[in-house]
Amino acid sequence: MPLLKWMGTMDDRIIDAPKYWQSIEGQPVSDADEFPSGFVEEIFEVVNANKSRREFLTVLGFSVAIPALTSCHKIPVTKALGFLNREEDTVPGVANWYASTCGGCEAACGLLVKTREGRPIKVEGNPDSPHSRGGVCAVGQATVLSLYDSSRFIQPLAEGQPTTWAAIDGKIPELLRTANSQGKIVLITGRVSSPSTLAVIAKFRAKYPNFEHIPYEPFSYSALFESFEKTHGLSAIPNYSLSDVDTLVSVGADFLGSWYGPVAFAKDYSAQRDVSKRKGAMLRHVQVEALMSVAGSNADLRVPVAAGDETHVLAALVREISTLSGRSIEFPALQLDAGLLTAVRAIAADLWKAKGKSLVLSGSNRVDDQMAVNAINELLGNMGRSVKLVAATEFAVASDTRFENLVSEMVGGKISALLSIDANPGYAYYAPERWKSGVSKVPLQISFADAPNETSKSAHYICPGNHFLESWNDHALGSGKYGLTQPTIQPLRATRMFQESLLRWAGETLDYYDFIRSHWKAQIFSRQRRQLLFEGFWSQAVHDGGIDVVEASHAKATFKNPRLNFDLGKREGLDLILYQKTGIRDGRHANNPWLHELPDPITKVTWDNYAQLAPETASKNGVKTGDMISIQKGTIHLSLPVLVQPGLGTNTVAVAVGYGRSECGKAGVGVGKNSYPFVAFAEGNYQRIQRGVQITKASGHYELALTQTHHVMEGRDLVREVSKAEALSTATALHSTQKEQPSMWPEHKPGENRWGMAIDLSKCTGCSACVISCQAENNVPVVGREEVLKRREMHWIRLDRYYSGNESNPSVVHQPILCQHCENAPCETVCPVLATVHSSDGLNQQVYNRCVGTRYCANNCPYKVRRFNWFEYSQDDAWGRMALNPDIVVRSRGVMEKCSFCIQRIQEGRLKAKKEGRKVAEGDFKVACQQSCPSDAIVFGDLADPDSKVAKLLEHQKGYQLLEELNVRPRVSFLPKVRNP
Amino acid sequence: MSHSPVSSHRKPLVIGDKSYGDVTHDVLRPIEARPTKGWYVCLMVAATCLVFGVATVWYQIATGIGTWGLNKTVGWAWDITNFVFWVGIGHAGTLISAILLLFRQKWRTSINRAAEAMTIFAVICAAIFPVIHMGRPWLAFWMFPYPNTRGPLWVNFRSPLLWDVFAISTYFTISLVFWYIGLIPDLATMRDHSSSAFKRKLFGVFSLGWNGSARTWARYETLCLILAGLATPLVVSVHSIVSMDFATAVIPGWHATLFPPYFVAGAVFSGFAMVLTLMILTRKVMKLDSYITDSHLQMMCKVLQLTGLMVALAYSTEFFMAWYSGNAYERFVFINRATGPFAWAFWTMVTCNVVLPQLLWIKRLRLNVMFLLGMSIIVNIGMWFERFVIITTSIHRDYLPSSWADYSPTWVEKATFLGTFGLFFTCFLLFLRFLPMIAISEVKGVLHYGKGLGKEVTHG
């Protein structure tokens, strides 16, 4: 059920607050509509002084409704009061779920947010969301922690001094009027896909006509979006679907890691590669790239190229496809390396065979490259099928040219006011000096950032926005589909949605919630017939997290042959490619310790960025992993530690962006180095691939904190690979090769359920969403870089990544490893105090309060899945503790922990079934890793139930178990990786 | 004293013409006199190490096991290595006291008191480690099966760590009792010999009213035989149980049925080496060369050589079985030991335990006491490395290569180990100062050994 009454601003809420919280000690409530000064700091003083969550809750009650007080009283911490009148729909101990939309990146995946006692503690995917269909990526899973970021702004600031919203609303409109007459007011945002937000901005523009809205993304898709205008005459953004694709070719687009919408891609990708479901058909994936990306590591054919050659590959591909189609595309002749040309020819032939059932993608930010891709897709008949164009009327997408022009105007003194939200050019703009000089000429700067960043540093007024979990918002998803964001908690601090601020300053009286409703009533409600009344329609939309209506009509797309240019100039030195890591992305999540500690799916490095070099390049320069090098292009230089990366393109150095933040919370400051200065503005877009880069060996050595230091399987039978044909055969090849071995221990008495898990290695892409999901669900602590260096990270599930084949283009496999819950667990026999025991439903249970920490169990575990608390890792700040799951204890130092098959969820499902008087059924619960996996690689269920998904999967496909010969009888089986060569 | 005739078959166990009174006098002299400056210096050094060790352990327990160099792959390294090292050393004392008693080896009499004391102190040092290596040592008492109202909740009798608890506590108890019982006649001697009333009273209490009558002696000898019978199986069982910590695990390199005899042989090897070290040093300092003679040292050397060969055989068996089994994981462990990141430890072990002890075959070297001293220390170094190699190299690279990790000790682990040496030597030095280090009554019993009755014969 949605939060029925949105309380609006802080001011309104005081008056509407329930009676029994109006005062402590029975003081009368003042009629003040001003927030008492010093009040909010007092809360935080109290909170920081008393480190226990219980005492914090004493202050704020079991919901986070903040009580009113007269201005002259400090808050006494006296009693913890339970609700006298319990809020309807809230039972302490039972979670409430709200549908919302993720704000971790622009993909806008639908979420179901789990709240306990009024605060969100976990996000899961919303299965009804049209693109993500229940998947969530690692970044999405980590957003719940950023809500409780203690570095967030507490209240609005004017010139660095705390102020009130009323004061802000009194002052700012006047300043804006002045700015409007003196120059141009500019609002920079991220990519906006919210029609209501655009309507708010339109209202703002109406009030201050000398205004421009410029979306900005440091790692933008501006070339992609611009290209459609040029090739198809339509200002549009693409929606990709792999649901009918047989051949997928990606040139440098990490569509499974960080490009565009990895969750939606992963869902389709895994379905298309399910050989048994598709009766023999299997998506063939070819990746041509410089970087070893997550997508590339899963490809059937991977062609490593130098970063600067990705463009040439597209050129060759266009030529091949145009030849095959008989339609000529114009561009000057180009030389391409012979070997590469052969490969491209074969790829083109493959694509042509799968005409209409293929897709070509490119990660490039050159318009000509994307135009080439459009032409290829058009010629292959993919337009309207695997690529659907969505009119950009409900979007405001980043255009690099417009932003560059803005900076020029700023330097020229033409901008009188700069408002910013979800954009941090102070950090990510490639010419920081130019930005600084531009910013110094803007007399009025207002930042809506929710936490301090490099851009808000220079702002005169900070009007902090809400976290998406505290906000209302809507999202256009294309094709008549819309998503909604609803708040799952009252704003923790005195913050306000930025749309609300804009509305106030535009002289509107509606709050943003009502504004969204009125916009939907006018624009969206009319395009559907299921609901006759708006209230019913609205409630349904809020409940579902979105709605599906008739698509708004738009102009048709007509293809015209583009004129392409692939001339990149002379080749010299090395190529540099800047990329987004799966966790940190463009740097907006730099203060999220979960994402820093998430091992990169390919390199397994935590807490740093580095310069990746191919083994050949590294040995040519006489460097190995950890050695320092200095990368130089023109006047820009950066020194970074080397990471030797098998499979990286020749002649290439790859550096991740998003690091080297200087103004953010303590988790992110000084971690890694800022590589954005290497971005160059060329051909109208920000180019992330540079040529003519030099590297020189520097002195010094830097230990990179890797979670895995050995990368080959040493000939051990760990990940089994089969060909498509073998996968289809009647399972004998995949059969467990071990017969039942005798055991000296008697069998465990079976209970009603036998929990087991099947992990499909064909579907696992290595995206690591499961790692963060498990961390959020089970209160797994973050240990920090120093401890990761000592190999003490605490993740209960890890992804082992192995290379095989030759160094320059290895075959890569990802294998999720978690506690195997062995029937004959070697850990159970050796614990002297019986802290690890076996349950009747097949779980290996770790009893935290009994563990004395001898670590024999961890030594005896052949899978090394046990995690020991070497220090007291669980000391969070008072805010970080709010993200803890109350169903799980927080382990103290000296105690062993490991995957419990989410026993709290099993128990919840069991109790739910018991209350309903039936047995536990499939779908009563999902374990955390299973639930967030966008590829559905993890299947968990009751092996004792022959109809359960996991039993059926294992019966037909006969997975294998890891280290079967030890006769530990694990409950986790793996389905082999199927390759489609 | 008059010349006693000398046996034609046996070398005397006590050199020189010593009378009963001489024995008492020689052994008690260092105790009754003021301690030498050397003793004070040694005690200061040992006590400093001990205090440093105690402070370090305090810090480690207060802060966490994270202060050690362990990680999620290598859960045990110096902690359990030191544990096994000290327990192993203790076995020599029990062997000398108990087994040699049952085998009627009269030469044990001048070394058994000190050796048994060494055992007790070694077991104390060993017992520290299972307690402090726990993540939550304040709950160490949960390892004991005591009646409780939580079920009752028992311990896991299948766990080798629990067998360790029983083994070590039994071993300590028996050793202490045996050592104390053996001390009683000598405490009585000290009572009778002491000058001050306080000392007389003190030793009187501890000598339990010993009156030296024939009946008392008869009971005493019976009791010693019974205790020896109880302690003898412990020599084999305690270290077998300690080896089960590894042998019952699934980890290649640990999972071997060879371990119990291998470890027991190793224990006796290192124990005798430590006894040699201590005896060579103390007999010189306390001028007791007539009692702890060169032939005693030669006897101990023979045990050293025998057990050293057994250890060498065990190493070869392990390597052979690793190859013969064809098990890839097993083979890899041994290749990794010899050529991997800890190869330096492996080759130190092999050199110190297998190669260098073969020099003892050379009589000229064997008779050189300084050489023996050096060799005994080398053997102990080698034996420490053996445990380190077994424990650490097996777990740091086991089944899944993704978990392979390295290990290096932190200053905390090194200081703790040093602290145990401090504890050991402090205890031993105090023992030397306050208690007779040679079993006076037992030596008196063999005073005439090798000195036969009848015609005088001169020996060359």
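The structure presented is a predicted model; accordingly, all values stated were derived computationally and were not measured.

About the criteria used
Residues numbered from 1 in each chain as written. Chains lettered and ligands numbered in written order. Predicted model: local features only at pLDDT ≥ 70, side-chain atom pairs only at ≥ 80, totals over all residues. Heavy atoms only, no water. Helix = DSSP H or I, 4+ residues; strand = E, 2+ residues; numbered from the N terminus. Buried < 20%, exposed > 50% of the residue type's maximum accessible area, 1.4 Å probe, protein only. Contact = heavy atoms within 4.5 Å. Areas by Shrake-Rupley, 256 points an atom, 1.4 Å probe, with all protein chains shown as cover. Rg over C-alpha atoms; globule rule 2.2 N^0.38 Å. Lys, Arg positive; Asp, Glu negative; His and termini not counted. Charge placed at Lys NZ, Arg CZ, Asp CG, Glu CD. Axes fitted to C-alpha atoms, helices over the stretch in contact; angles between N-to-C directions. Parallel < 35°, antiparallel > 145°, perpendicular 65-115°, else oblique. Left-handed = near helix turned anticlockwise from the far one by under 90°. Buried area = accessible area lost by both parts, 1.4 Å probe. Salt bridge = Lys/Arg side-chain N within 4 Å of Asp/Glu carboxyl O. Pairing = 2+ DSSP bridges. Polar contact = N/O pair within 3.5 Å; in protein donor to acceptor, adjacent residues only side chain to side chain. Phe/Tyr/Trp six-rings, centres within 6.5 Å; stacked < 30°, edge-to-face > 60°. Lys NZ or Arg CZ within 6 Å of the ring centre and 35° of its normal. Nonpolar A, V, L, I, M, F, W, Y, C, P; charged D, E, K, R; others polar. pLDDT = per-residue confidence, 0-100. Expected span 1.5 Å × (residues − 1).

K.L.:
Teacher, can you tell me more about the overall build of chain A here?
P.N.:
Regarding its fold elements, chain A presents 28 helices and 40 strands. Here chain A holds 981 residues, and the buried ones make up 64% of them. Long-range contacts, defined here as pairs at least 24 residues apart, represent 74% of the contacts in chain A between residues at least 6 apart. Surface summary for chain A: the accessible area is close to 35100 Å², and the carbon and sulfur share equals 53%.

K.L.:
Please clarify how the overall build of chain B should be interpreted in this entry.
P.N.:
Within chain B, the secondary structure is distributed over 15 helices and zero strands. Computed over its C-alpha atoms, the radius of gyration of chain B comes to 24 Å, within 12% of the 23 Å expected for a compact globule of 460 residues. Projecting the C-alpha coordinates of chain B onto the three principal axes gives extents of approximately 75 × 55 × 40 Å. Long-range contacts, defined here as pairs at least 24 residues apart, represent 81% of the contacts in chain B between residues at least 6 apart. Accessible surface computed for chain B: about 19300 Å², of which carbon and sulfur atoms make up 71%. Distance from the positive charge centre (36 side chains) to the negative charge centre (21 side chains) of chain B: 4 Å.

K.L.:
Explain the packing of helix α8 (residues 259-285) of chain B against helix α14 (residues 411-434) of chain B to me, please; I cannot follow it from the model alone.
P.N.:
Relative placement of two packed helices is described by the angle separating their axes and the distance separating the axes. Residue and element names in this part refer to chain B. Taken N-terminus to C-terminus, the directions of α8 and α14 make an angle of 45°; their axes are 13 Å apart at the nearest point. Considering the angle they form, α8 stands oblique to α14. Here α8 runs over α14; the crossing is right-handed. From α8, Met274, Leu278, Met279 and Thr282 reach across to α14, where they touch Phe421, Phe424, Phe425, Phe428 and Leu432.

K.L.:
Would you take a moment to explain the interface of chain B and chain A for this structure?
P.N.:
Many structure descriptions define interface size as the accessible area lost when the parts assemble. Residue-level contacts link 55 residues of chain B with 54 residues of chain A. Summing the contributions of chain B and of chain A, the shared interface buries around 4500 Å²; its carbon and sulfur component is 55%. It is Lys72, Arg136 and Leu400 of chain B in chain B that bury the most area against chain A; as a group they hold 18% of the surface buried on that side. Seen at the junction of chain B and chain A, the total is three salt bridges. Between lysine 864 of chain A and aspartate 398 of chain B there is a salt bridge, with its nearest N and O atoms 2.9 Å apart.

K.L.:
Which parts of the structure should I look at to understand the environment of isoleucine 938 of chain A?
P.N.:
Residues and elements named next belong to chain A. Along the chain, isoleucine 938 turns up in strand β38 (residues 938-942). Note on isoleucine 938: relative accessible area 4%, which makes it buried. Separated by 42 residues in sequence, isoleucine 938 and asparagine 980 place their C-alpha atoms 21 Å apart. If sequence neighbours within four positions are ignored, isoleucine 938 has contacts with Met757, Ala758, Ile759, Cys770, Ile797, Cys929, Gln930 and Cys933.

K.L.:
Just checking my understanding: could you explain the sheet that holds strand β6 (residues 184-189) of chain A for this structure?
P.N.:
Residue and element names in this part refer to chain A. If you walk across this open sheet you meet the seven strands as β5-β4-β16-β15-β14-β6-β7, and the pairing is mixed. Lying at the two open borders of the sheet, with one neighbouring strand each, are β5 (161-162) and β7 (211-215). Across four bridges, the pairing between strand β14 (residues 415-420) and strand β15 (residues 444-447) is parallel. Within β15, the position partnered with serine 420 by the bridge is serine 447.

K.L.:
Would you take a moment to explain the side chain of arginine 273 of chain A for this structure?
P.N.:
All names here are of chain A. Its location among the elements puts arginine 273 in the loop between α8 (262-272) and β10 (284-289). Residue arginine 273 is classed as buried on the basis of its relative accessible area, which comes to 4%. A polar atom in the side chain of arginine 273 sits 2.8 Å from the side chain of aspartate 300.

K.L.:
Sorry if this is basic, but what is going on with the sheet that holds strand β1 (residues 96-101) of chain A here?
P.N.:
Strand pairing in a sheet is mediated by backbone hydrogen bonds. Such pairs are either parallel or antiparallel. All names here are of chain A. Judged by pairing direction, the sheet is antiparallel, and its three strands sit side by side in the order β1-β2-β3 without closing on themselves. With one partner strand each, in any of the chains shown, β1 and β3 (119-125) form the two edges of the open sheet. When the angles between neighbouring strand axes are averaged without regard to direction, this sheet yields 30°. When β1 meets strand β2 (residues 110-116), the two strands line up antiparallel, connected through six bridges. By the bridge assignment, asparagine 96 is partnered in β2 with threonine 115.

K.L.:
Would you explain the packing of aromatic side chains in this entry?
P.N.:
Think of a pair of aromatic rings as described by two things: how far the centres are apart, and how the planes are tilted against each other in angle. Applying the stated criterion across every chain yields a total of 88 aromatic pairs over all chains. On the numbers, 5.6 Å between centres and 75° between planes, the contact of tyrosine 240 of chain A with tyrosine 260 of chain A is edge-to-face. Note that tyrosine 240 of chain A is positioned in strand β8 (residues 236-240) and tyrosine 260 of chain A in the loop between β9 (247-251) and α8, a separation of 20 residues in sequence. Judged by its relative accessible area of 14%, tyrosine 240 of chain A falls in the buried class. According to the relative accessible area criterion, tyrosine 260 of chain A is buried, its value standing at 13%. A cation over an aromatic ring shows up here: arginine 716 of chain A above the ring of phenylalanine 332 of chain B, its NZ or CZ 5.1 Å from the ring centre. The ring of tryptophan 870 of chain A carries arginine 792 of chain A above its face, with NZ or CZ at 5.0 Å from the centroid.

K.L.:
Could you clarify how one ought to interpret the packing of helix α13 (residues 400-411) of chain A against helix α15 (residues 432-440) of chain A in this entry?
P.N.:
All names here are of chain A. Between α13 and α15, the least distance of the axes is 7 Å, while the angle of their chain directions is 55°. Put simply, α13 runs oblique to α15. Between α13 and α15 the crossing geometry is left-handed. In this structure, α13 contributes Phe403, Glu404, Val407, Ser408, Met410 and Val411 to the contact, and α15 contributes Arg434, Trp435, Ser437, Gly438 and Val439. Across the contact of α13 with α15, the residue classes break down as six nonpolar, three polar and two charged.

K.L.:
Just to check I follow, could you spell out the confidence of the model for chain B for this structure?
P.N.:
A low pLDDT score tells you not to read the predicted coordinates there in detail. Residue and element names in this part refer to chain B. Confidence in the prediction for chain B averages 93 pLDDT; 97% of positions are at 70 or higher. Highest mean pLDDT in chain B belongs to helix α11 (residues 343-355) (97); lowest belongs to helix α1 (residues 20-32) (90). Among the scores for the predicted complex, ipTM is 0.93 and pTM is 0.90.

K.L.:
Looking at this model, I keep getting lost on the pattern of salt bridges. Mind explaining?
P.N.:
Residues and elements named next belong to chain A. Under the criterion given, the structure shown has 61 salt bridges over all chains. Between arginine 434 and glutamate 404 there is a salt bridge whose closest N-O contact spans 3.0 Å. On the criterion of sequence distance, the pair formed by arginine 434 in helix α15 and glutamate 404 in helix α13 is long-range, its members being 30 residues apart. For glutamate 404, a relative accessible area of 6% puts it in the buried group. In this structure, the salt-bridge partner of glutamate 787 is lysine 790, at a minimum N-O distance of 3.6 Å. Relative accessible area serves as the criterion here: at 37%, lysine 790 is assigned to the partly exposed category. Sharing partners across several salt bridges, the network here consists of Lys122, Glu124, Glu777 and Arg905.

K.L.:
Sorry, what's going on with helix α10 (residues 328-339) of chain B here?
P.N.:
Since the α-helix advances by 3.6 residues per turn, residues separated by three or four positions end up pointing in the same direction. All names here are of chain B. Between its first and last C-alpha atoms α10 spans 16 Å; for 12 residues at 1.5 Å apiece the expected length is 16 Å, and the two agree. Buried within α10 are the following residues: Tyr329, Glu330, Phe332, Val333, Phe334, Asn336, Arg337 and Ala338. The elements touched by buried residues of α10 are α9 (294-325), α11 and α13 (369-396). Of the residues that open α10, the one with a side-chain oxygen 2.9 Å from the backbone nitrogen of tyrosine 329 is asparagine 327.

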